[in-house]
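Coordinate inspection notes
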Amino acid sequence: MSAANRGVVYKGPGEVAVESIAYPELALGNRKCEHGVILKVVTTNICGSDQHMVRGRTTAQPGLVLGHEITGLVVECGRDVEFIKPGDLVSVPFNIACGRCRNCKEGRTGICLNVNPSRPGAAYGYVDMGGWVGGQTEYVMVPYADFNLLKFPDADQAMEKIRDLTLLSDIFPTGFHGCVTAGVGPGSTVYIAGAGPVGLAAAVSAQLLGAACVIVGDMIEERLAQARSFGCETLDLTQEGDMADRIEAILGEREVDAFVDCVGFEAHACGCNHGKEAPATVLNSAMSLTRAGGQIGIPGLYVTEDPGAADDAARQGALSMRFGLGWAKSHSFHTGQCPVMQYHRPLMQAILFGKVNIADAVNVQMITLDQAPQGYADFDGGAAKKFVMDPHGSVAV
Ligand SMILES: NC(=O)c1ccc[n+]([C@@H]2O[C@H](COP(=O)([O-])OP(=O)(O)OC[C@H]3O[C@@H](n4cnc5c(N)ncnc54)[C@H](O)[C@@H]3O)[C@@H](O)[C@H]2O)c1
Ligand SMILES: [Zn+2]
Ligand SMILES: [Zn+2]
């Protein structure tokens, strides 16, 4: 077996590089992972969550091997893996979960208690997430393989839909979870903040859940056009104007039933200040634009430390929220990592049975591993694309 491996490495704010890295072992430091497998990576996606680190907006240290959105072929199984076999084509939930702790047993795999010594929850290639090596690589190790992996029923059939199935590792379940936790159902009116890949995945999910009207807001016209391409209404937030007035012009009502924040802490102000960061703006809009009794799904990421924040409070993740308004309207808020495992199987079936075209909706763009630095730069520049790397050239384009 080849001992060579290459991966995308965070070098410092604004810089990533493709470098030689160690071939994975069935271990993390001294921690043995006989319950793990080695994957030959088939596809691995760049995520807005990676961008927070690459922009220098987290405490991530240079040298970190990036990548938590992984689909791969099993090439080696540890001694304790019983059901996953070499040759299986699998989707990897970005959350790493032991399957044994109290939270895992309740299906809350985003806050597993055993995989990260410093806090609940872990992920591949991510700051504060347990030190697991990322998967924007040729090969990667996945622990607790029997529990974590979703095996595609037929590898050849899956390869035909791999541009869609690659989105099961994170953004499709994440967008769907945002909508479920916002209470979206048949006939709902929904506002989705952010038209990045997660926002577009949430918009598709809202449609899949039966929403009557889905409105997507962003400042990037190209991304809004992407949302319109599959039937969403859009709000261009570079334009002046009260958001409630603009929602009323679409719905005939000033509030929505459900609100999903697909932006997170690097949010920008609306209107003439749209170049300026305003970390609490989406959360404040959520409380003013959601009907009393409505629910607010918050997949957008908020941090406990932001070295790049504009003021001391925000540097510790403390934001200026008008929480009393949410309280007065009896809002429910749902935050945190998406527990991917709760959704990936049904969403896989929706893809395989042709019920949803998620890759087209988020505009998947296949690139090579060597094109990663350009992919990161273009994505950071606001391209209306979801960049998916194909490290071994295994996907026909
Ligand atoms: N909870 C989870 O499990 C999970 C999983 C994946 C991603 N995320 C997070 O979801 C968020 C979105 O991810 P992405 O890949 O789509 O990122 P992205 O950076 O591509 O998209 C964010 C979008 O928000 C827009 N935006 C900025 N301010 C806005 C505002 N006030 N109103 C509306 N839109 C605004 C930006 O123009 C951009 O298009 C990130 O914070 C990411 O970390 C969370
Ligand atoms: Zn992601
Ligand atoms: Zn666990």
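Residues numbered from 1 in each chain as written. Chains lettered and ligands numbered in written order. Predicted model: local features only at pLDDT ≥ 70, side-chain atom pairs only at ≥ 80, totals over all residues. Heavy atoms only, no water.

In the nomenclature of an unreviewed UniProt entry, the protein chain corresponds to Glutathione-independent formaldehyde dehydrogenase from the organism Halomonas lysinitropha. For the protein chain, the Sequence similarities (unreviewed entry) comment in UniProt is given as "Belongs to the zinc-containing alcohol dehydrogenase family." Taken from UniProt, the Cofactor (unreviewed entry) comment for the protein chain reads in full: "Zn(2+)". (UniProt positions renumbered as here; feature names shortened; annotations may be inferred.)

**Quick look at the coordination of the zinc ion (ligand 2)**
Six octahedral donors at a metal ideally form angles of 90 or 180 degrees, and four tetrahedral donors ideally form angles of 109.5 degrees. Coordination of the zinc ion (ligand 2) by the protein is provided by Cys-47 (SG), His-68 (NE2), Glu-69 (OE) and Asp-170 (OD), with metal-donor distances spanning 1.9 to 2.3 Å. Every donor counted, the four donor atoms about the zinc ion (ligand 2) form angles of 92 to 128° at the centre, which fits tetrahedral coordination. Counting gaps between the donor residues of the zinc ion (ligand 2) yields the pattern C-x20-H-E-x100-D. Remark: Glu-69 occurs in strand E6 (residues 69–77) and Cys-47 occurs in the loop between strand E5 (37–45) and helix H1 (48–54); sequence separation between them is 22 residues. Comparing Cys-47 with Glu-69, the two get one shared label, buried. (Donors = N, O, S within 2.8 Å, 3.2 Å for Na, K, Ca; no water. Tetrahedral: all angles 85-135°; square planar, octahedral: opposite > 155°, others 65-115°. Helix = DSSP H or I, 4+ residues; strand = E, 2+ residues; numbered from the N terminus. Buried < 20%, exposed > 50% of the residue type's maximum accessible area, 1.4 Å probe, protein only.)

**Quick notes on the site of ligand 1**
Contacts to ligand 1 come from 30 residues, most closely from Ser-49, Asp-218, Arg-223, His-268 and Cys-338. A distance of 3.4 Å separates a nitrogen atom of ligand 1 from a polar atom in the backbone of Gly-194. Coverage of ligand 1 by the protein amounts to 92% of the 860 Å² it exposes when considered alone. Sorting the residues of the shell around ligand 1 by element identifies H1, helix H7 (197–208), strand E11 (213–218) and helix H10 (281–289) as the ones contributing at least two each. Looking at the shell around ligand 1 element by element, the count peaks at three residues for H1. Class assignment of the residues belonging to the shell around ligand 1 gives a composition of 15 nonpolar, twelve polar and three charged. When we break the shell around ligand 1 down by domain, the ones giving at least three residues each are domain 1 (6–170 + 340–389) and domain 2 (171–334). (Near = heavy atom within 4 Å. Polar contact = N/O pair within 3.5 Å; in protein donor to acceptor, adjacent residues only side chain to side chain. Areas by Shrake-Rupley, 256 points an atom, 1.4 Å probe, with all protein chains shown as cover. Nonpolar A, V, L, I, M, F, W, Y, C, P; charged D, E, K, R; others polar. Domains from an automatic or database assignment.)

**Some points on the coordination of the zinc ion (ligand 3)**
Donor atoms from the polypeptide that coordinate the zinc ion (ligand 3) comprise Cys-98 (SG), Cys-101 (SG), Cys-104 (SG) and Cys-112 (SG), at 2.3 to 2.4 Å from the metal. Sequence spacing of the donors to the zinc ion (ligand 3): C-x2-C-x2-C-x7-C. Each member of the pair, Cys-98 as well as Cys-104, carries the same accessibility label: buried.

**Topic: the sheet that holds strand E13 (residues 256–261)**
The six strands lie next to each other as E12-E11-E10-E13-E14-E15, forming an open sheet whose pairing is parallel. At either end of the open sheet lies a strand with only one pairing partner, and these are strand E12 (233–236) and strand E15 (332–334). Within this sheet the neighbouring strands show an average axis-to-axis angle of 20°, counted without direction. Bridging between strand E10 (residues 189–193) and E11 involves five bridges; their strand directions are parallel. Bridge pairing in E11 places Val-190 opposite Val-214. Along the sheet face, helix H8 (residues 221–228) touches E11 and E12 and points at about 170° away from the line of E12. Relative to E12, helix H9 (residues 243–251) is tilted by about 155°, and along the sheet it contacts E10, E11, E12 and E13. (Pairing = 2+ DSSP bridges. Axes fitted to C-alpha atoms, helices over the stretch in contact; angles between N-to-C directions. Contact = heavy atoms within 4.5 Å.)

**Looking at the pattern of salt bridges**
Here the structure, examined in full by the defined rule, presents 20 salt bridges. Taking the shortest distance from any N to any O, the salt bridge between Glu-69 and Lys-386 comes out at 2.9 Å. Taken together, the residues span a long stretch of sequence, with Glu-69 in strand E6 and Lys-386 in strand E17 (residues 386–389) at a distance of 317 residues. Classification of Glu-69 as buried rests on a relative accessible area of 0%. Accessibility expressed as a relative area gives 1% for Lys-386, which makes it buried. In this structure, the salt-bridge partner of Arg-315 is Asp-312, at a minimum N-O distance of 2.7 Å. (Salt bridge = Lys/Arg side-chain N within 4 Å of Asp/Glu carboxyl O.)

**A closer look at the domain arrangement of the protein chain**
Considered domain by domain, the protein chain is made up of domain 1 (6–170 + 340–389) and domain 2 (171–334). Listed per partner, the contact involves 32 residues of domain 1 and 27 residues of domain 2. In total, about 2600 Å² of surface goes out of reach between domain 1 and domain 2, with carbon and sulfur atoms giving 63% of it. Taken as a group, Arg-57, Tyr-343 and Leu-347 account for 28% of the area that domain 1 buries against domain 2, more than any other trio of residues on that side. Along the contact surface separating domain 1 from domain 2 lie four salt bridges. (Buried area = accessible area lost by both parts, 1.4 Å probe.)

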